[in-house]
Amino acid sequence: MRLSQYFLPVLKENPAEAQIVSHRLMLRAGMIKQSSAGIYSWLPLGYKVLRKVEEIVHQEQQRVGHIPMLMPTLQSADLWKESGRYDAYGPEMLRIRDRQDRDMLYGPTNEEMITDIFRSHVGSYKDLPLTLYHIQWKFRDEIRPRFGVMRGREFLMKDGYNFDLTKEDALHAYNRHLVSYLRTYERMGLQAIPMRADSGPIGGDDTHEFLVLAETGESEVFYDSEITDLTFGDREIDPNDHDACRAVLEEFTSRYARTDETHDPEVFAKVPEERQRTARGIEVGQIFYFGTKYSDAMNAKVQGPDGKQVPVHMGSHGIGVSRLLGAIIEASHDDKGIIWPEGVTPFHAGIVNLKQGDAEADAACDALYKSLKALGLDPLYDDRKGGAGMKFATMDLIGLPWRITVGPRGLKNGVVELTSRRTGESEELPPEQAVEKIAKIYAGIV
């Protein structure tokens, strides 16, 4: 993409309504535009990152055998009345009536709908285990939407639902989701810590939230500092191996880590004082096991091996896809702008032409652009007329991890400048070597 042909409405000044870094930078970088309170249009740059994040979530869900589908945003209130949650959910649910005077709602979550789908088509234990998921827009009518996409009313979420014959099998699904989530977040350049949490309106006794530590987090968290030394890395875990998945859960949840809602000062006091930490955290996902809560209420049963009808054990598992963009920016930025991790960057590298209109510089930039494209990479070429300061400021603001700077002086010596956005370090390389280095960086990522 050439920047002269792209829609990138960057702002020079900080918007007055933006209270936190991610909201401010997303507005300034031309990623989003507010439509109404807590509801945003996703402009091309923001939409591009949103799709990158969504694709990673899809890949990691399907890696462990979960099956994608898509459910509607509008749901019949009848299902929620059947489960008993229609009146209990509270004013966050947007309740509406259609022209036939039927009660409808804009789904804040999908436990009832997926249970209805399951009970309509699955009748035998032989069809279990089963995990279905989708990535869909949700709506929760927050009383005070704020912080941009971090706490909006409309948001994109992955929610998955497991159906199992026994509690043991359902807890394995819980552990499998934890493994999948750890990989997902690390691929996005995040350390998301699983913390014992409150189940809220979804219900259930077993639940962990995944939180990214950040000063602007909405939750106060308490944890053993040893947990921040853990990484999942490149390990391969068989999603069907109960013991292996349980071992990962124990590794990442055996140390103290809780939100303020479940914090126990007496248990926390047993953590060595030098490792006790208090911070703020941004929730980016949550996993639940809630047993037969919905299958009992909605008669979602299967015939067991003994021929008797039994309610299935269930869990639900969410990732805040749109919220993740805000969390990534909160965790990865500086005073110049965003610093995208390579796994989610909207463009793999920026090309800056210091002298647009110079035949040699134009030709070198075109060649770099074509070489990167030929390798399956997606560069952004700033071919606008204007000074170097303007072009560098734009690249720093939108946060591309790598920048290739091309100018007549360097070309006379047969080199271009390759700069890391994260470290600020630059090196001069022949153009073909700069392309080769970027290709190596993204090998296995793209």
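Novice: If you had to explain the pattern of salt bridges to someone new, which residues and values would you point to?
Specialist: Throughout the structure, instances matching the rule amount to 29 salt bridges. Among the salt bridges present, the one from Asp378 reaches Lys48, with a minimum N-O distance of 2.7 Å. Remark: Lys48 occurs in helix H2 (residues 44-63) and Asp378 occurs in the loop between helix H10 (359-374) and strand E20 (379-382); sequence separation between them is 330 residues. A relative accessible area of 16% means that Asp378 is categorised as buried. Across the pair Arg183 and Glu60 runs a salt bridge whose closest N-O atoms are separated by 3.0 Å. With Arg183 in helix H5 (residues 167-187) and Glu60 in helix H2, this residue pair connects regions lying 123 residues apart in the sequence.

Novice: Can you tell me about the side chain of Asp396, naming the residues and giving the values?
Specialist: Structurally, Asp396 is set in helix H11 (residues 388-398). The residues contacting Asp396, other than those within four sequence positions of it, are Lys336, Gly337, Ile338, Arg403 and Arg421.

Novice: So what's going on with the packing of H10 against helix H13 (residues 431-442)? Residues and values would help.
Specialist: Axis separation between H10 and H13 bottoms out at 10 Å; the angle between their running directions is 30 degrees. Between H10 and H13, the crossing angle belongs to the class labelled roughly parallel. Like other packed secondary-structure pairs, H10 and H13 cross with a definite hand, here right-handed. Contacts between H10 and H13 pair Leu368, Ser371 and Leu372 from the former with Pro431, Val435 and Ile438 from the latter. Within the contact of H10 with H13, the residues separate by chemical class into five nonpolar, one polar and no charged.

Thresholds applied
Residues numbered from 1 in each chain as written. Predicted model: local features only at pLDDT ≥ 70, side-chain atom pairs only at ≥ 80, totals over all residues. Heavy atoms only, no water. Salt bridge = Lys/Arg side-chain N within 4 Å of Asp/Glu carboxyl O. Helix = DSSP H or I, 4+ residues; strand = E, 2+ residues; numbered from the N terminus. Buried < 20%, exposed > 50% of the residue type's maximum accessible area, 1.4 Å probe, protein only. Contact = heavy atoms within 4.5 Å. Axes fitted to C-alpha atoms, helices over the stretch in contact; angles between N-to-C directions. Parallel < 35°, antiparallel > 145°, perpendicular 65-115°, else oblique. Left-handed = near helix turned anticlockwise from the far one by under 90°. Nonpolar A, V, L, I, M, F, W, Y, C, P; charged D, E, K, R; others polar.

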